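Structure at a glance
The residues making up each chain are set out below.
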Amino acid sequence: MTNTLRQIILDFARIYKLCTKLCEQKSRITPPKQKNLFEIFLGGPSGRFCFAKSGIIAVFIFFIISVHADAAEKVFYSKLTGDFWQIWEMNTDGSAQRQVTFSPEDKRYPFWIKSDRRLGYRTSNGEIFTITLDGNNGNNKERLLEQYTPLTDPDYSSAANEIIFTRFIPNAADIGGIWKVNLTNQQTSILSKGQLMSYQPKVSADGQKIVFVKIDAAGQHQLWLMNTDGTDARQMTEGAGLRTLPAISQNADKIIFASNHKNGDYDLYILDVDSMVLKEILTRPGLDTNPRFIRNDERILFVSNHDGERQIWGMSSAGQDIKKLTSGSPSIDPHWVKNIEEGIK
């Protein structure tokens, strides 16, 4: 039992005791022997239904459910800690921030692997490692996808138990393609080919779609969408500008991304996949980038240097209720896990 849960139970016991006294004072009669657990727990001294008791119990139950749901959610992110980028975790409201890794090397792009219940990340030389969150300070790391190094932009599909990533062609650092590896059977697929670089893949929660960035012949960075087997690839944006760090909604009907196509400043946009309607979601001075849908697309996490260092911020999907969640040294690469117990994205 955690200290937090223990304290909640103690507080509930105190409040319940006070409510019992309130019921006794209100009735002003000698309590009869009560007949069942319902009467004992919710009844007043006369055996009648006590609103004070029932109210506090209802609130307590609702609170416990909320606390448990919030505790199951986690946001992993990269934070500059001393001389290195380390992986940290926090709740979606920015509370309970905790350093997860400690070894002296840069760690970026965290992702959660459901099948193994391990946290993955990329090092500065393009290697992928995973660790378990068991209090070993990240010393229990295992290397993953060694044969595909160097790689970048790792993302994990819990629906298919696959890792999708960008692999650069050796001796041609400006040409890359999108690959995926199934962790169950180790089957490898190349999803994008050609002389134009494709990168920054993000997979939908249902494991059916991948949004990614592809450089066109004019050197502009455009958004594309394809099935996770590489078929039905279609261009989603056009024109001048750099679209970057896209993510896809839970049911794959919206794409959120950062772009400088309007005025050279990076702002946040949402693109409806079916109607192709583009909506400006956040425009303000500074860099706003790396957006991610969370909580059934009701909230958005993103990175911004709006008031100085790059930090992780949160807001509603309508661009309201904007709050800074981290502070101090720079924090980037937010990765939301809906239920860390199950590993669902």
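Residues numbered from 1 in each chain as written. Predicted model: local features only at pLDDT ≥ 70, side-chain atom pairs only at ≥ 80, totals over all residues. Heavy atoms only, no water.

Comments concerning the nonpolar core
Rules: Put simply, a nonpolar core is a bunch of buried Ala, Val, Leu, Ile, Met, Phe, Trp, Tyr and Cys residues held in one set by side-chain atoms that sit within 4.5 Å of each other. Residue burial is assigned from relative accessible area. The probe radius is 1.4 Å, only protein chains are included, and a residue is buried under 20% of its type maximum, exposed over 50%, and partly exposed in between. In DSSP terms, a helix is any run of H or I states spanning at least four residues, a strand is any run of E spanning at least two, and both are numbered starting from the N terminus. Residue contacts are counted whenever heavy atoms from the two residues lie within 4.5 Å of one another.
If you look at the biggest cluster of nonpolar residues, it comprises 15 residues, and the most contacted ones within it are Leu223, Leu225, Met236, Ile248, Ile255 and Phe257. Going through the elements one at a time, strand 13 (209-215), strand 14 (221-227), strand 17 (254-259) and strand 18 (267-272) are the ones with two or more residues in this core. Take this core: its biggest share by element is three residues, from strand 13. Not counting residues up to four positions away in its chain, the partners in contact with isoleucine 248 are Lys202, Val203, Ser204, Lys209, Val211, Leu225, Lys254, Ile255 and Phe293.

Structural notes on the environment of threonine 123
Counted only if it meets this: By the criterion applied in these results, polar contacts are pairs of N or O atoms within 3.5 Å in which, for protein atoms, one can donate a hydrogen and the other can accept it, and in which residues neighboring in sequence qualify only through two side-chain atoms.
Tracing the backbone shows threonine 123 in strand 5 (residues 118-123). Under the relative-accessibility criterion, threonine 123 is labelled buried at 3%. Counting along the chain gives 28 residues from threonine 123 to leucine 151, while the straight-line C-alpha distance between them is 9.6 Å. Separated by 2.4 Å, the side chains of threonine 123 and asparagine 125 make a polar contact.

A closer look at the packing of aromatic side chains
To keep things clear, this is the line we draw: Aromatic pairs are defined between Phe, Tyr and Trp rings, using the six-membered ring for Trp, whenever the two ring centres lie within 6.5 Å; interplanar angles under 30 degrees are classed as stacked, those over 60 as edge-to-face, and all others as tilted.
Tallying each qualifying case throughout the model produces seven aromatic pairs. Centroid distance phenylalanine 76 to tryptophan 112: 5.8 Å. Interplanar angle 10 degrees. Geometry classified as stacked. Highlighted residues: phenylalanine 76 in strand 1 (residues 74-81) and tryptophan 112 in strand 4 (residues 107-113), separated in sequence by 36 residues. For tryptophan 112, a relative accessible area of 5% puts it in the buried group. Measuring from centroid to centroid gives 5.9 Å for phenylalanine 257 and tyrosine 269, while their planes differ by 25 degrees, and the two rings are stacked. In this pair, phenylalanine 257 sits in strand 17 while tyrosine 269 sits in strand 18, placing the two residues twelve residues apart along the sequence.

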